[in-house]
Structure formats: structure tokens, C-alpha cells
Amino acid sequence: MVHAVKQVMLRNNEIEEDLWWFMFGDDDTVFFVNNIGRTSAKYDHSKWLYIGSNSESYEQNVKYSFEMAFGDGSFIINSSVARSLARFWTRVGERDENN
């Protein structure tokens, strides 16, 4: 997931647009864009925000975490979170290249 965010942020920098929200979904995810637009407009895009749900399976939540969507989980993050994840992933990549 973090790698996908980094690639989106790199692309965002190439096209020089100021995008505030990033949606990530599975191949079977349906987004209601108008609803997402109205909902995200209520929040400050410059403060960290993750909108998503954890897995529908209690066993998966116990094993992997109750904190974040995974396995058919779609989510929306704002640009502040996306930039932070992209920087994190870059540091991880640089660390791995030096080892």
C-alpha cells in the first residue's frame, strides 16, 4: 500500500496539480464519488486523515490488526498522509539500498 501511495505522489508531482484526497480500492470496489466529495469537504485536507474500515472478518482483524483496512479494504487518505507515507517509503528504500 505504501509503495502505491508513493507512486501516486510521484505522479502527482509530475502533473503539478494540488490534489487533496487519494482513493485506493480493490478491483471490485464501487466508489460513490459525489458522496465522497461531500464527505471529504467537511475535513481539513492538511491534517492527517484516513477514512476506511478494517476487515469484515474478526479472525483477520485479530491476526493482522484492527487499525487499518486490508484484504478487500478500500480507503481514502488526504494529501498530508500521502506525503508522509511517500517520504517514509523513500527512506525505507534508501536504507535497504545501503544494506
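Procedures and definitions
- Residues numbered from 1 in each chain as written.
- Predicted model: local features only at pLDDT ≥ 70, side-chain atom pairs only at ≥ 80, totals over all residues.
- Heavy atoms only, no water.
- Core = buried A, V, L, I, M, F, W, Y, C linked by side-chain atoms within 4.5 Å.
- Buried < 20%, exposed > 50% of the residue type's maximum accessible area, 1.4 Å probe, protein only.
- Helix = DSSP H or I, 4+ residues; strand = E, 2+ residues; numbered from the N terminus.
- Pairing = 2+ DSSP bridges.
- Axes fitted to C-alpha atoms, helices over the stretch in contact; angles between N-to-C directions.
- Polar contact = N/O pair within 3.5 Å; in protein donor to acceptor, adjacent residues only side chain to side chain.
- Phe/Tyr/Trp six-rings, centres within 6.5 Å; stacked < 30°, edge-to-face > 60°.

1. Some remarks on the nonpolar core
Alright, step 1. Judged by nonpolar contacts, Val-5, Phe-22, Phe-24, Phe-75, Ile-77, Val-81, Ala-82 and Leu-85 together constitute the single largest core of eight residues.
Alright, step 2. Contributions of two or more residues to this core are made by strand S1 (21-24), strand S3 (75-78) and helix H4 (79-98).
Alright, step 3. Top element by residues in this core is H4. It accounts for three residues.

2. Digging into the sheet that holds strand S2 (residues 50-52)
Hydrogen bonds between backbone atoms are what pair the strands of a sheet, whose relative direction is either parallel or antiparallel.
Alright, step 1. The sheet built from three strands is open, its strands ordered S1-S3-S2 with antiparallel pairing. A single partner strand is all that each edge strand has here, and the edge strands are S1 and S2. Strand after strand, the sheet turns through a mean of 15 degrees between neighbouring axes, direction not considered.
Alright, step 2. Alignment of S2 against S3, held across three bridges, turns out to be antiparallel. Counted as the bridge partner of Tyr-50 is Ile-77 from S3.

3. Observations regarding the side chain of Ser-80
Alright, step 1. Mapped onto the secondary structure, Ser-80 falls in helix H4.
Alright, step 2. On the basis of relative accessibility, which here comes to 11%, the residue Ser-80 falls in the buried class.
Alright, step 3. Here Ser-46 takes part through its backbone oxygen, which lies 3.4 Å from a polar atom of the side chain of Ser-80.

4. Regarding the packing of aromatic side chains
Alright, step 1. Taken as a whole and assessed by the stated rule, the structure comprises two aromatic pairs.
Alright, step 2. The interplanar angle of 20 degrees and the centroid separation of 5.1 Å between the aromatic rings of Phe-24 and Phe-75 together place this pair among those described as stacked. Taken together, the residues span a long stretch of sequence, with Phe-24 in strand S1 and Phe-75 in strand S3 at a distance of 51 residues. Neither Phe-24 nor Phe-75 differs from the other in exposure class; each is buried.
Alright, step 3. Considering the side-chain rings of Tyr-50 and Phe-75, the 5.8 Å spacing of their centres and the 20 degrees angle between planes classify their relative orientation as stacked. With Tyr-50 in strand S2 and Phe-75 in strand S3, this pair connects stretches of sequence that are 25 residues apart.
Alright, step 4. An aromatic cluster of at least three residues, connected via ring pairs, comprises Phe-24, Tyr-50 and Phe-75.

Geometry only, nothing functional implied.
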